[in-house]
Amino acid sequence: MDEDVLTDGRAPGPSAAMAEHPARPCCLGWDFSTQQVKVVAVDAELNVFYEDSVNFDRDLLEYGTQGGVHVHEDGLTVTSPVLMWVQVSTRIPDPLLRPGPHWEMEVGLAPRQHGSVYWKTGASGVLTSLSPDLLLHKQLQACFSIRDSPVWMDSSTTAQCRQLEAAVGGAQALSGLTGSRAYERFTGNQIAKIYQQNPEAYSHTERISLVSSFAASLFLGSYSPIDYSDGSGMNLLQIQDKVWSQVCLGACAPHLEEKLGSPVPSCSVVGAISSYYVQRYGFSPGCKVVAFTGDNPASLAGMRLEEGDIAVSLGTSDTLFLWLREPMPALEGHIFCNPVDARHYMALLCFKNGSLMREKIRDESVCCSWSDFSEALQSTEMGNGGNLGFYFDVMEITPEIIGRHRFSTENHQVSAFPRAVEIRALIEGQFMAKRIHAEALGYRVMPKTKILATGGASHNRDILQVLADVFGAPVYVTDTANSACVGSAYRAFHGLAAGTDVPFSELVKLAPNPRLAATPTAGASQVYEALLPRYAKLEQRILSQIRGLRSECLRPRHPC
Ligand SMILES: Nc1ncnc2c1ncn2[C@@H]1O[C@H](COP(=O)(O)OP(=O)(O)O)[C@@H](O)[C@H]1O
Ligand SMILES: O=C(CO)[C@@H](O)[C@H](O)COP(=O)(O)O
């Protein structure tokens, strides 16, 4: 993107462009993901005619992030500067700003989930009276009571999780109510920590947004409500009734309901674009903003997931999600309200050690080259000669394991593997874990199963081949790996059609079909049917070792 135009320059006002060209409808989809912001523009025929991205570490050096975040000294607290997100929200694709066809735009956006933003008392007044002559992040710099927003990678709220579960009658009871047992990154627990550790900042907070509703608020020029789907990642929303749970709110912090506002259906139009974007960047005043949601719900929309399919997103985190009719909340995984059909749900599993772990093993084994990484996968056999590995440099979410654990064919723990074996052990292990944990949620691979892959690593055909082999099912990709972005644009079209009863699937039926990227290799099912139970047993072995160590540490006179 052209920085001058995007950050400081002025776009032509709407009137000049409108006079010369008839309006052409389009939807902008954004993804504020962990490491970058991506944007796509989609026309009425659902063609993506513009795609771009800004990388936080590389393009916004002044914030000093690594992988888009700051990891604090305790190794558990992980935040991102809120002003970095404000700054990036004014990076509008420049073809849309230059004189030419006048785009009648709607906006949809999908950020990483669970992050929260704390608006200081009085911020609402600033937001509603922004001057188009000044930069947005300069005008909003005093508007946040917490400047470093906790993000999904944070795992510092274990104490608050236990308190919340105790308040509602246990982990299963909380899961039945909100779709998930208490998870450290879920927003209710993050809010509870802020209230407990920084009560003054909490009391000076007039509104708490998710990153999705925060970004929507920037485009609206007023506070946007939280949508049901992203709201399901907070441990606060009753996913069946779609209202805040009073017992959960009460267990987290006082006056929380008024700070959160009421949640809304994901396809709601939340208002018209703010005059700031109209006057400064030339958006049409008729441009509407559809409720923003999280990146995973948006990916479900972008991939046009159907019942029976399984989606695997290989981004910073690896996630796996399914369309569900009946929610069956359990002690592992999450149930969210479905972003495109209010009667249904989606199940999600999140694996924290995704792309960053693959990058580490790549850098250690093959000097930073994805093509050498691929060559290692090609040069090794399915099943890796019986060698299995677990690679969790940061505390994993599914399951809660940390460390690297390698096993020989005889299940003996070994300290290292040859380079190519290491790479295959990592990728096979990551996909075996996904299959095992999806099956624990009740998912079964059927003859008609399609795997839809997205995210940065879905560019790598050799990684997708291992995915197809481990699951014994074909893998499909879309032309853009940015399914969250495209999904937010599709959702914007859906939001506009809401009220007309057009189902989402009907609305996106013209979108390009996913392409077949890998089919299972002959003999794969025999290999992995033998390996999967071994992997599951070794996972249990590591978990009990870790639990044993933890209880040792808790015993008096045994400091660890
Ligand atoms: N050819 C490739 N093979 C494997 N991984 C890749 C390849 N290209 C990019 N990636 C991975 O994609 C990741 C970014 O994925 P992306 O979905 O854009 O992330 P996010 O949306 O979470 O910011 C990078 O961290 C990188 O490791
Ligand atoms: O925590 C979760 C889902 O529960 C993560 O999937 C985040 O939403 C991060 O997204 P990416 O930046 O990895 O796309």
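Use the structure listed above.
Just so you know, these numbers come straight off a predicted model, no measurement behind them.

Asks: Any chance you could break down the site of ligand 2 for me, citing the residues and the numbers?
Replies: Around ligand 2 sit 14 residues, and of these T34, H114, R185, D295 and S317 come closest. Take D295: an N or O atom from its side chain is 2.7 Å from an oxygen atom of ligand 2. S317 is positioned with one of its backbone polar atoms (N or O) 2.8 Å from an oxygen atom of ligand 2. Out of a free accessible area of 380 Å², ligand 2 has 96% covered by protein chains. For the shell around ligand 2, the elements supplying multiple residues, two or more each, are α16 (295-302) and β18 (345-351). By residue class, the composition of the shell around ligand 2 is three nonpolar, eight polar and three charged. The residues that make up the shell around ligand 2 include at least three from each of domain 1 (3-293) and domain 2 (304-483 + 512-560).

Asks: Before we move on, can you summarise the pattern of salt bridges with the specific residues and values?
Replies: Considering all chains together, one arrives at 15 salt bridges under this definition. In this structure, D309 engages K450 in a salt bridge whose closest nitrogen and oxygen atoms are separated by 3.7 Å. Residue D309 is located in the loop between α16 and β15 (310-314), and its partner K450 is located in the loop between α19 (419-440) and β22 (451-454); the two are separated by 141 residues in the primary sequence. Under the relative-accessibility criterion, D309 is labelled buried at 6%. The shortest N-O distance in the salt bridge between D341 and R343 comes to 2.7 Å.

Asks: Mind laying out the site of ligand 1, listing which residues take part and the relevant values?
Replies: Around ligand 1 lies a shell of 15 residues, among which S33, K38, T316, E359 and G456 are the nearest. Taking E359, its side chain carries an N or O atom lying 2.4 Å from an oxygen atom of ligand 1. In isolation ligand 1 has 590 Å² of accessible area, and contact with the protein removes 82% of it. Of all the secondary-structure elements, those providing two or more residues to the shell around ligand 1 are β2 (36-43) and α17 (355-366). When its residues are assigned to classes, the shell around ligand 1 shows three nonpolar, 10 polar and two charged. Each of domain 1 (3-293) and domain 2 (304-483 + 512-560) contributes no fewer than three residues to the shell around ligand 1.

Asks: I'd like a description of the packing of helix α7 (residues 158-168) against helix α9 (residues 187-197), backed by residues and values.
Replies: At a minimum axis distance of 9 Å, the contact between α7 and α9 shows a crossing angle of 110°. Taken together, the axis directions place α7 and α9 in an arrangement best described as roughly perpendicular. Along this stretch, α7 crosses α9, giving a crossing that reads as right-handed. In this structure, α7 contributes Q160, C161, Q163 and L164 to the contact, and α9 contributes N189, A192, K193 and Q196. Along the lines of polarity and charge, the residues of the contact of α7 with α9 split into three nonpolar, four polar and one charged.

Scoring rules and cut-offs
- Residues numbered from 1 in each chain as written.
- Chains lettered and ligands numbered in written order.
- Predicted model: local features only at pLDDT ≥ 70, side-chain atom pairs only at ≥ 80, totals over all residues.
- Heavy atoms only, no water.
- Near = heavy atom within 4 Å.
- Polar contact = N/O pair within 3.5 Å; in protein donor to acceptor, adjacent residues only side chain to side chain.
- Areas by Shrake-Rupley, 256 points an atom, 1.4 Å probe, with all protein chains shown as cover.
- Helix = DSSP H or I, 4+ residues; strand = E, 2+ residues; numbered from the N terminus.
- Nonpolar A, V, L, I, M, F, W, Y, C, P; charged D, E, K, R; others polar.
- Domains from an automatic or database assignment.
- Salt bridge = Lys/Arg side-chain N within 4 Å of Asp/Glu carboxyl O.
- Buried < 20%, exposed > 50% of the residue type's maximum accessible area, 1.4 Å probe, protein only.
- Axes fitted to C-alpha atoms, helices over the stretch in contact; angles between N-to-C directions.
- Parallel < 35°, antiparallel > 145°, perpendicular 65-115°, else oblique.
- Left-handed = near helix turned anticlockwise from the far one by under 90°.
- Contact = heavy atoms within 4.5 Å.

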